[in-house]
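The chain contents come next:
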Amino acid sequence: MAAALNIQKGTSKHSAYDLRDPNAEAIERHTLAVIVDNEAGVLARVIGLFSGRGYNIDSLTVAEVDHHGHTSRITIVTTGTPAVIEQIKAQLGRIVPVHEVHDLTVEGPSVERELALFKVTGGGEKRVEALRLADIFRANVVDSTLESFVFEITGTPQKVDAFAELMRPLGLVEMARTGIAALSRGSAGAP
């Protein structure tokens, strides 16, 4: 329930006091775009950097972006203090097959999207309500049986989360998410 109310750690909806340590550095969420050689073992080395140092990955997407140049783009969403984020970027840049590291969070405006599939089962009014909400969220029905629907939705992670919360009481039984794909806005940025 705390996530839905957007309550910060160390506070509660019932307290007027902020119990967080005022000397602690704020934890920030950053989206990193890493351009790497498309070869065996590169992803394992990048992920090993995170796991070996106890850094968390909130979202990870990988795809080849240049067939002729054999390069791939790894989009990583992670959290940490500003010092930890700088350390992550510096260590990523030292890995041999890494060509570029871009912090989309600090380089300017960016666009983030995520694709998700939701399987919702049920009948009667719940089925009608699921279709109505899907229409409001601009989700597509990609599979339908007499007992279930599979919805496809694309949007910000917050939109996907909101859709999931509304589908839970209507019979959400399974969900698959791609992770975040992100690009900087405008003409500048990573390839």
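Residues numbered from 1 in each chain as written. Predicted model: local features only at pLDDT ≥ 70, side-chain atom pairs only at ≥ 80, totals over all residues. Heavy atoms only, no water.

The name an unreviewed UniProt entry gives the protein is Acetolactate synthase small subunit, with Rhodovulum bhavnagarense as the organism. Taken verbatim from the UniProt record of the protein, the Sequence similarities (unreviewed entry) comment is "Belongs to the acetolactate synthase small subunit family." (UniProt positions renumbered as here; feature names shortened; annotations may be inferred.)

Caption draft 1: View of the overall build of the protein. Across its full length, the protein holds five helices and eight strands. For the protein, the proportion of its 191 residues judged to be buried stands at 34%. Contacts in the protein between residues far apart in sequence, at least 24 positions, make up 70% of those at least 6 positions apart. Only carbon and sulfur atoms are counted for the fraction: they give 54% of the accessible area of the protein, which is about 11500 Å². (Helix = DSSP H or I, 4+ residues; strand = E, 2+ residues; numbered from the N terminus. Buried < 20%, exposed > 50% of the residue type's maximum accessible area, 1.4 Å probe, protein only. Contact = heavy atoms within 4.5 Å. Areas by Shrake-Rupley, 256 points an atom, 1.4 Å probe, with all protein chains shown as cover.)

Caption draft 2: Fine view of the side chain of E114. Looking at where E114 falls in the secondary structure, it is placed in strand β5 (residues 110–121). Polar side-chain contacts of E114 include one of 2.9 Å to the side chain of R177. Ignoring any residue separated from it by four or fewer positions in sequence, one finds E114 in contact with I153, T154, G155, P157, V160, R177, T178, G179 and I180. (Polar contact = N/O pair within 3.5 Å; in protein donor to acceptor, adjacent residues only side chain to side chain.)

Caption draft 3: Helix α2 (residues 42–52), seen in detail. Listed as buried for α2 are V42, V46, L49 and F50. Mapping the buried residues of α2 onto a view down its axis gives an arc of 95°, with all of them on the same face. With respect to the buried face of α2, the exposed residues turned more than 90 degrees away are A44, S51 and G52. At its buried positions, α2 is contacted by β1 (28–37), β2 (57–66), β3 (71–80) and α3 (82–94). (Arc of directions from axis to C-beta.)

Caption draft 4: Molecular detail of the pairing of β2. Here β2 pairs with β3 via eight bridges, running antiparallel. Across the sheet, residue A63 finds its bridge partner in β3, namely R73. Here β2 folds back onto β3, and the loop between the two strands holds four residues, one of which, H70, carries a positive phi near 50°. (Pairing = 2+ DSSP bridges.)

Caption draft 5: Structural detail: unusual backbone geometry. The phi angle at H70 is positive, at roughly 50°, despite the residue not being glycine. Here H70 is to be found in the loop between β2 and β3. Even without being glycine, R138 reaches a positive phi, approximately 60°. Of note, R138 is situated in the loop between α4 (124–136) and β6 (140–144).

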